[in-house]
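As a plain string of letters, each chain reads:
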Amino acid sequence: MTLEQAKNKLAKYGQEHVLKYYNELSEAEKTSLLMQIQTADMSALSSCKNKEELNSRGVITPLAAMQLEEIRANQEQFTAIGLEAIRQGKMGAVMLAGGMGTRLGSDAPKGMYNLGITGELYIFECQIKNLLDVVRQADAWVHLFIMTSDKNHDTTVAFLKEKDFFGYNEEYVHFFIQEMALCSDFEGKILLEEKGKMADSPNGNGGWFISMKNTGMLDVVHREGIEWLNIFAVDNVLQRIADPCLLGATLQRNCVSGAKVVKKNAPREGVGVLCLEDGRPSIVEYYELTDEMVEARDENGEPAYNFGAILNYIFRLKELEAIQASMPLHIVEKKIPCLDENGELLQPETPNGFKYETLVLDMVHQMPNCLPFEVEREREFAPIKNMTGVDSVETARILLEKNGVVL
Ligand code: UTP
């Protein structure tokens, strides 16, 4: 792209300030900035002005979960069905490891965090060990797709190679890089990370499917005859991946998607609640719960909105392929390192702008149905989001020990 073309594009979106330092840049920096301007999608930035209208809600009603008692009564049957499908290669697993972990305050990929006390125990290791349990049970390898981002790809790949994939079969591990989205200030103006670089960030945990498609990873999925994808967050160290019981239950109930959920530990616990919205499965965030929803009861007198999703979903490929055109955008306030008006790098202590993300939970809403599948939170839910306190390294260590893991 020439400088003239870049100016035209920026003018179209009211972003001319991006070239403020252009004359100070080296030739290589100039080329790189022009390239970034050429490829960046700037069309979403203006929507921050009406962001409240973007995600308006339909009519929310409860969706009953398949609870532990019922699962235990059918465990053998569900597991057998799931294992059979896994042996036939029908299930792939997708690890979402492209996040920035801003709340954890570390630049390193979250999966590389060492939880060990007497020895080493990395988050990646915990997850891969759990997947290896399924591999042994099914006596078949499961393809593991790992989504990284521009910011952490090389470090992640080098680390897992150095650790020999923690015993996983390298032939079944596939990396792909998720797409980035520009970051703006509260007025929708692009922030500069460097004089020759616009600030950008991974495009949210819903970016995985389009990124799989655009990186050719979906061709691998097709080639291998995979029919279901299990999407899970890297940061839950007790995550059970490619769970045959969940797959079996979903198949047995003729559902096209399933979501692991836990019973909430407080009515307004910070997890999204699986429910119905205009008759389709959906997830409402904890801050969207009205008083009536918190007080609503089911026919057994239990809270009607009682199960929170833990970012572990299975989706049937056929339905995923049908939904991609219409993922809604979420505009979230974040702390974004950027240049201030004097061209000095600022590390903000409070949110200073917006990131533009798509979220995996919106995929649930685009499915015709979804089975909420309860799991024991003490056995399967130990997310690491913060340095201390709730959902932290501290709480995860306690839960790992409770599950017999030596730290
Ligand atoms: P979170 O939504 O908690 O985001 O990620 P995060 O980036 O890890 O943390 P914060 O919000 O900045 O503190 C849930 C899961 O989705 C992945 C994360 O790696 C994590 O496994 N994720 C998130 C991505 O893969 N890409 C993204 O753009 C965002």
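Our subject is the structure that appears above.
Analysis parameters
Residues numbered from 1 in each chain as written. Predicted model: local features only at pLDDT ≥ 70, side-chain atom pairs only at ≥ 80, totals over all residues. Heavy atoms only, no water. Buried < 20%, exposed > 50% of the residue type's maximum accessible area, 1.4 Å probe, protein only. Helix = DSSP H or I, 4+ residues; strand = E, 2+ residues; numbered from the N terminus. Pairing = 2+ DSSP bridges. Right-handed = clockwise from strand over helix to strand, strands pointing away. Near = heavy atom within 4 Å. Polar contact = N/O pair within 3.5 Å; in protein donor to acceptor, adjacent residues only side chain to side chain. Areas by Shrake-Rupley, 256 points an atom, 1.4 Å probe, with all protein chains shown as cover. Salt bridge = Lys/Arg side-chain N within 4 Å of Asp/Glu carboxyl O. Phe/Tyr/Trp six-rings, centres within 6.5 Å; stacked < 30°, edge-to-face > 60°.

**Q** Please give an account of the pairing of strand 2 (residues 91-96) that cites residues and values.
**A** In terms of residue burial, strand 2 counts as a mostly covered element, since six of its six residues are buried. In strand 2, alternate side chains face the same way, and those of Met-91, Ala-93 and Met-95 on one face and Gly-92, Val-94 and Leu-96 on the other are all buried. For strand 2 and strand 9 (residues 228-233), the ladder comprises six bridges, and the chain directions are parallel. Counterpart to Val-94 in the pairing with strand 9 is Ile-231. Where strand 2 lies against strand 3 (residues 144-148), four bridges are found, and the strand directions are parallel. By the bridge assignment for strand 3, Met-95 is matched with Ile-146. With helix 5 (residues 123-138) bridging strand 2 and its parallel neighbour strand 3, the resulting β-α-β unit is right-handed.

**Q** Can you tell me about the site of the ligand, naming the residues and giving the values?
**A** What surrounds the ligand is a group of 21 residues, the closest being Leu-96, Thr-102, Arg-103, Gln-178 and Lys-385. The contact in question runs from an oxygen atom of the ligand to an N or O atom on the side chain of Lys-334, over 3.2 Å. Across the complex, the protein chains shield 90% of the 560 Å² of accessible surface that the ligand would expose by itself.

**Q** I'd like a rundown of the pattern of salt bridges, residues and numbers included.
**A** Under the counting rule described, the total for this entry stands at 25 salt bridges. Glu-193 is the salt-bridge partner of Lys-197, the closest N and O atoms lying 3.6 Å from each other. Taking relative accessible area as the criterion, Lys-197 reaches 24% and is therefore assigned partly exposed. Note that Glu-224 is salt-bridged to Arg-223, the shortest N-O span being 3.3 Å. Accessibility expressed as a relative area gives 61% for Arg-223, which makes it exposed. Overlapping salt bridges bring together Lys-151, Glu-193, Lys-197 and Asp-200 as one network.

**Q** A description of the packing of aromatic side chains should follow, citing residues and the corresponding values.
**A** Pairs of aromatic rings are described using the distance from one ring centre to the other and the angle between the two planes. Inspection of the entire model under this criterion finds 12 aromatic pairs. Ring geometry for Trp-141 against Tyr-172: centres 6.2 Å apart, planes inclined by 25 degrees, an arrangement best described as stacked. Here Tyr-172 lies in the loop between helix 6 (153-162) and strand 4 (173-177) and Trp-141 lies in the loop between helix 5 and strand 3, a separation of 31 residues in the sequence. Given a relative accessible area of 24%, Tyr-172 falls into the partly exposed group. Ring pairing ties together the aromatic residues Tyr-122, Phe-124, Phe-159 and Phe-166, which thus form one cluster.

**Q** Quick rundown of the pairing of strand 13 (residues 307-316)? Include the residues and the values.
**A** Counting buried positions along strand 13 yields nine of 10 residues, so the element is predominantly enclosed. Examined bridge by bridge, strand 9 and strand 13 share five bridges and lie antiparallel to one another. In the strand pairing of strand 13, Leu-229 is matched with Phe-315. As paired strands, strand 10 (residues 257-263) and strand 13 are joined by six bridges and run antiparallel to one another. The residue bridging Gly-258 from the neighbouring strand is Ile-314, located in strand 13.

Geometric values such as these leave the question of function open.
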